[in-house]
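Chains, contacts and geometry: an overview
Each chain, letter by letter, is given below.
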Amino acid sequence: VAILACSIYANLSLAVKDPAHYRYFPPFERGVNANDNHQLITVTEYANIARSLLQGKGYANPFGRQTGPTAWMPPPLPLFLVALLWLSNGSTTFVYWAIVVVQVLVLAGTGVLILAVVRQTCRIAPAIAAAIYLLALLCHFRLAFQWTHDCWLILLMLDLLIAGHCWYRPLNTRLSAASWGFLGGICALVNPMVGLAWAVPCIAVAAQERAWRQFSVAAIVAGCTLAPWMAWNYWVFGRFIPVKSNLAYELYQSQCLQHDGLIRRSTFSHHLGIAGSREGNAYDE
């Protein structure tokens, strides 16, 4: 209820007509509208790829320019967005609210998971754990309620991994290992770091339980889940791209464009998503 109330409060800014009234919403400044829940469906690479798919142009054009096929972002989120666009006949308003609802559900589900784990592992009262979690969300109010990107999807996958290790015993049988491997492949497709979060505990469990045969099954199924996407990338681009092609650019952006390695808002003025910039021209070529 608290998470839903925070989301409703954050999105009431859509009803503001006088910019001076934005002072009633974080960051509580006149004329500053920090509600960017529209970003995922309007300006992100995910949204541009989804629109390209909907228009029959294929998995392409991550920056809205006609640059052709891409492996810039992994496929799960663009496919989810294009499904929502298809169901709503291209309504960005429907997709906006669908993403907000999904993010609220994931945040609430994470809270439920925290309470379940606390009850089994700690002496902390569940009410205290819930209060700490809600306080953390309030400290990151913008990230939780005023901004949508792929964070909710990454959080959902991490929740599933934690719940699986707590209650599912993924390497107990070959069947459970196969299903866990499928989840691992999806985790890797969502984000390489989520794939790593699947692999490391899985190896630890295999070593602890000496379940290397089941681990082999999980690893093979995970690889098979990734295989169609990697095969498509090799067929289109003629090189091996396991998940997404922007991984090297993310390192370049922080380590080469910033002398201290910290990405700032000013860094994105050089982003290749900006048409006409040096980076943008290089990508277009």
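Look a little higher up for the structure.
Below you will find a few notes about this structure. Nothing here was measured: the structure is a model prediction, and the numbers come from that model.

**Some remarks on the nonpolar core**
Side chains of nonpolar character tend, in soluble globular proteins, to be buried together. Among the nonpolar cores identified, the biggest contains 47 residues, and Leu81, Leu171 and Trp198 are the most heavily contacted of them. Residue assignment for this core shows that the elements contributing at least two residues are helix H2 (39-42), helix H3 (45-54), helix H4 (76-87), helix H5 (92-121), helix H8 (151-168), helix H9 (174-190), helix H10 (192-209) and helix H11 (212-237). With seven residues, the single largest contributor to this core is H9. Among all residues touching Leu81, those that are not within four sequence positions of it are Leu40, Ile41, Tyr46, Ala47, Ala50, Val95 and Ile99.

**Some thoughts on the layout of surface pockets**
Volume-wise, the largest pocket comes out at about 1200 Å³. Residue lining of the largest pocket: 30 residues in total, with Glu45, Trp147, His149, Phe268 and His271 positioned closest to the centre. Elements represented by at least two residues in the lining of the largest pocket include exactly H3, helix H7 (141-145), H10 and helix H12 (247-255). Of the residues that constitute the lining of the largest pocket, the class distribution is 14 nonpolar, nine polar and seven charged. The volume enclosed by the second largest pocket comes to roughly 260 Å³. The wall of the second largest pocket is formed by Gln103, Leu107, Tyr133, Ala136, Leu137, His140, Leu143, Ala144, Cys151, Trp152 and Leu155. Where the lining of the second largest pocket is concerned, the elements lending two or more residues are H5, helix H6 (126-139), H7 and H8.

**Description of the packing of H5 against H8**
It is at 10 Å that the axes of H5 and H8 come closest, and there the two elements cross at 25°. On the basis of their axis angle, the class for H5 and H8 is roughly parallel. The two elements H5 and H8 cross, and the hand of that crossing is left-handed. Of the residues in H8, those in contact with Ile99, Val102, Gln103, Val106, Leu107, Thr110, Leu113, Ala116, Val117 and Gln120 of H5 are Trp152, Leu155, Leu156, Asp159, Ile162, Ala163, Cys166 and Trp167. Its residues assigned to classes, the contact of H5 with H8 comprises 14 nonpolar, three polar and one charged.

**Let's talk about the environment of Glu285**
Inspection of the secondary structure assignment puts Glu285 in the segment after helix H13 (278-284). In this structure, the C-alpha to C-alpha distance between Glu285 and Ala20, residues 265 residues apart in sequence, is 44 Å.

**Some points on H9**
Given a rise of 1.5 Å per residue, 17 residues ought to cover 24 Å, and the 24 Å separating the end C-alpha atoms of H9 matches this to within 8%. Residues of H9 that are buried include every one of Ser176, Ala177, Trp180, Gly181, Leu183, Gly184, Gly185, Cys187, Ala188, Leu189 and Val190, and no others. Packing partners of the buried residues in H9 comprise H4, H8, H10 and H11.

Thresholds applied
- Residues numbered from 1 in each chain as written.
- Predicted model: local features only at pLDDT ≥ 70, side-chain atom pairs only at ≥ 80, totals over all residues.
- Heavy atoms only, no water.
- Core = buried A, V, L, I, M, F, W, Y, C linked by side-chain atoms within 4.5 Å.
- Buried < 20%, exposed > 50% of the residue type's maximum accessible area, 1.4 Å probe, protein only.
- Helix = DSSP H or I, 4+ residues; strand = E, 2+ residues; numbered from the N terminus.
- Contact = heavy atoms within 4.5 Å.
- 1 Å grid on protein atoms, 1.4 Å probe; cavity = no way out; pocket = protein on both sides within 12 Å on 5 of 7 lines; lining within 4 Å.
- Points joined across faces, edges and corners; volume = space filled by probe spheres on them.
- Nonpolar A, V, L, I, M, F, W, Y, C, P; charged D, E, K, R; others polar.
- Axes fitted to C-alpha atoms, helices over the stretch in contact; angles between N-to-C directions.
- Parallel < 35°, antiparallel > 145°, perpendicular 65-115°, else oblique.
- Left-handed = near helix turned anticlockwise from the far one by under 90°.
- Expected span 1.5 Å × (residues − 1).

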